[in-house]
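# Geometric and topological summary
If you want the building blocks of each chain, they are given just below.
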Amino acid sequence: MPNHRPKPRRVPPVSLARALSKLGVCSRSEGEALVTAGRVRVDGVVRREPSFRVDPGRAAIEVDGRPVGGRRTVYLALNKPRGLVTTRHDPQGRPTVYDCLDDPALPFLAPVGRLDRASEGLLLFTNDTRWAARLLDPASHVDKVYHVQIDRLPDDALLRCLTDGVDDAGERLAAKDAQVLRAGTRTGWLVVTLDEGRNRHIRRLLAVLGVEVRRLVRVSIGPLTLGSLGKGAWRRLTAQEVDALEGR
């Protein structure tokens, strides 16, 4: 009988700079610099064009004479402190989230989504680009829960406005759910759930309603909670947590 086994699916080639990022060597911009400097070989040939197309799973790639590839995947959760920028290098020289990842044994890791400088709480990192892409895909509708301190006492009318949504610069912003966490004499805390992530989503949503955000803390992503992780501390995710975040 003829062999009808399906042929292996060919992975589309990517730029050499992106391949270095996908292999966990460095960021794409750092990869461009390495390639331009002549420090990268592909199948024994020095390539100086960052846009040169390669298949990361098949090409023999070396940086400074050392082969790269076959990396082990790493998944981390960080309790991001307020005041840190979610980027590898900040042109203004401000502290970044990578100041917290002080283990030299860690490979290059990229953040899965972002928290703005004034926000804090749960932030994920990985070198598994496919896992990160699936988690960030709007179609996945992964719930993200935030504790938000506002400059006034919350009421039912505000909660309805948050879930009904508003228009901001032509973009529709709404919360999946909003509840009161606690209220003092002048300010209160909300529990806000999003199943999509837009730039400064909660801050913009509340600003349209005339409400100022005092603090914003992300406390969970899907089934993963911040828990007792200390400010500025990080930990590796378990295999069960990685699978649960992907909905397996």
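Residues numbered from 1 in each chain as written. Predicted model: local features only at pLDDT ≥ 70, side-chain atom pairs only at ≥ 80, totals over all residues. Heavy atoms only, no water.

Another point: the pattern of salt bridges. Evaluation of the coordinates by the stated rule reveals 16 salt bridges. Between Glu 246 and Arg 134 there is a salt bridge; the shortest N-O distance is 2.2 Å. Separated by 112 residues along the polypeptide, Glu 246 in the segment after helix H6 (239–245) and Arg 134 in helix H3 (residues 129–136) bring together distant segments of the chain. We classify Arg 134 as partly exposed; its relative accessible area is 40%. (Salt bridge = Lys/Arg side-chain N within 4 Å of Asp/Glu carboxyl O. Helix = DSSP H or I, 4+ residues; strand = E, 2+ residues; numbered from the N terminus. Buried < 20%, exposed > 50% of the residue type's maximum accessible area, 1.4 Å probe, protein only.)

Burial analysis of strand E9 (residues 120–126) places 7 of its 7 residues in the buried class, the great majority of the element. Strand direction decides the pairing type here: strand E7 (residues 75–80) and E9, joined by 6 bridges, are antiparallel. When the bridges of E9 are listed, Asn 79 appears paired with Leu 122. Relative to E9, strand E8 (residues 110–112) is paired through 3 bridges, and the arrangement is antiparallel. Pairing of Val 112 across the sheet is with Leu 124, part of E9. (Pairing = 2+ DSSP bridges.)

Splitting the protein chain by domain gives domain 1 (14–67), domain 2 (75–139 + 227–246) and domain 3 (143–221). Centre-to-centre, using C-alpha coordinates, domain 1 lies 24 Å away from domain 2. Of the residues lining the interface, 7 residues belong to domain 1; the matching set on domain 2 comes to 6 residues. Surface buried jointly by domain 1 and domain 2 totals about 480 Å² across both partners, of which 49% is contributed by carbon and sulfur atoms. By the criterion of area lost to domain 2, the three top residues of domain 1 are Lys 22, Gly 24 and Glu 30, representing 69% of everything that side buries. Taken together, the connections running from domain 1 to domain 2 amount to 1 salt bridge. Between Glu 30 and Arg 88 there is a salt bridge, with its nearest N and O atoms 3.9 Å apart. Counting every contact that joins domain 1 to domain 2 gives 1 residue pair in polar contact (both at pLDDT 80 or more). Tallied by class, residues from the side of domain 1 that touches domain 2 come to 2 nonpolar, 3 polar and 2 charged. (Domains from an automatic or database assignment. Contact = heavy atoms within 4.5 Å. Buried area = accessible area lost by both parts, 1.4 Å probe. Polar contact = N/O pair within 3.5 Å; in protein donor to acceptor, adjacent residues only side chain to side chain. Nonpolar A, V, L, I, M, F, W, Y, C, P; charged D, E, K, R; others polar.)

We now examine the packing of aromatic side chains. Across all of its chains, the model carries 2 aromatic pairs by this definition. Ring plane angle 75° and centroid distance 4.9 Å describe the contact between Tyr 75 and Trp 131, whose orientation is recorded as edge-to-face. Here the residue Tyr 75 occupies a position in strand E7, and Trp 131 occupies one in helix H3, the gap between them amounting to 56 residues. Of the two residues, Tyr 75 and Trp 131, both sit in the buried class. An angle of 75° between the planes, with centres 5.7 Å apart, marks the rings of Tyr 98 and Phe 125 as edge-to-face. Of this pair, Tyr 98 sits in the loop between E7 and E8 while Phe 125 sits in strand E9, and the two are 27 residues apart along the sequence. Both residues of the pair, Tyr 98 and Phe 125, belong to the buried class. (Phe/Tyr/Trp six-rings, centres within 6.5 Å; stacked < 30°, edge-to-face > 60°.)

Relative to the helices and strands, Lys 144 resides in strand E10 (residues 144–150). One buried charge, Lys 144, has no salt-bridge partner; the nearest side chain with opposite charge is Asp 143, at 7.9 Å. If we skip the residues at most four places from it in the chain, Lys 144 touches Val 192, Thr 193, Leu 194, Arg 218, Ser 220 and Ile 221. (Lys, Arg positive; Asp, Glu negative; His and termini not counted.)

Before going further, it helps to spend a moment on helix H5 (residues 201–208). Judged by how many residues are buried, H5 sits mostly within the fold: 6 of 8 residues are covered. Along H5, the positions that sit buried rather than exposed are His 201, Ile 202, Arg 203, Arg 204, Leu 205 and Leu 206. Looking at the packing, one finds that the buried side of H5 touches E10, helix H4 (156–164), strand E11 (166–168), strand E12 (171–173), strand E14 (188–194) and strand E15 (213–221). Positive backbone phi, at 75°, marks Gly 210, one or two positions downstream of H5.

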